[in-house]
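Listed here are the chains, written in short residue letters.
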Amino acid sequence: MTKLKDRIARRQGRVRGVLRRAAHERKRLSVFRSSKHIYAQVIDDDRGITLVSASSIEKTAREGLKTGASVDAAKAVGKLIAQRAQEKGVKDVVFDRGAYLYHGRVKALADAAREGGLNF
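What counts and what doesn't
- Residues numbered from 1 in each chain as written.
- Predicted model: local features only at pLDDT ≥ 70, side-chain atom pairs only at ≥ 80, totals over all residues.
- Heavy atoms only, no water.
- Helix = DSSP H or I, 4+ residues; strand = E, 2+ residues; numbered from the N terminus.
- Contact = heavy atoms within 4.5 Å.
- Buried < 20%, exposed > 50% of the residue type's maximum accessible area, 1.4 Å probe, protein only.
- Pairing = 2+ DSSP bridges.

A.B. asks: Pulling in residues and values, what's your account of the environment of glycine 116?
C.D. replies: By the secondary structure assignment, glycine 116 is in the segment after helix 4 (105-115). When the C-alpha positions of glycine 116 and arginine 14 are compared, they lie 28 Å apart, and in sequence the two are 102 residues distant. Not counting the four nearest positions on each side in its chain, glycine 116 is found in contact with Ala82 and Gln86.

Structural data, given as structure tokens:
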């Protein structure tokens, strides 16, 4: 029987492999979800650098929120990452959900980023 970490790593590798083949020079919008916060960053894999990032730890994203681990916090981070990416000239991205299901906070962040102007 495989351990949980092995299964998570396999799932994450599978998702990232599909993204690399489908990217075609688009940047990658990566999401990390912890028990207390949510983080997003736009990554240029060709150059190996992070272009912009946003998280629920930042004061601009936390205004009026009770916790960083809610759907509302994820929406705020999604809007913030979309705004910052557009300032850098990034409009088209591929969404890297990692090993997380496209549900709840991850989905809320993706929907808010789409509303903010990112295409994926």
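A.B. asks: Please set out the pairing of strand 4 (residues 93-96) residue by residue, giving values where relevant.
C.D. replies: Residues Val93 and Phe95 of strand 4 are buried on one face, and the alternating residues Val94 and Asp96, pointing to the opposite face, are buried as well. Pairing geometry for strand 1 (residues 27-33) and strand 4, over 4 bridges, is parallel. Residue pairing across strands places serine 30 opposite aspartate 96, the latter belonging to strand 4.

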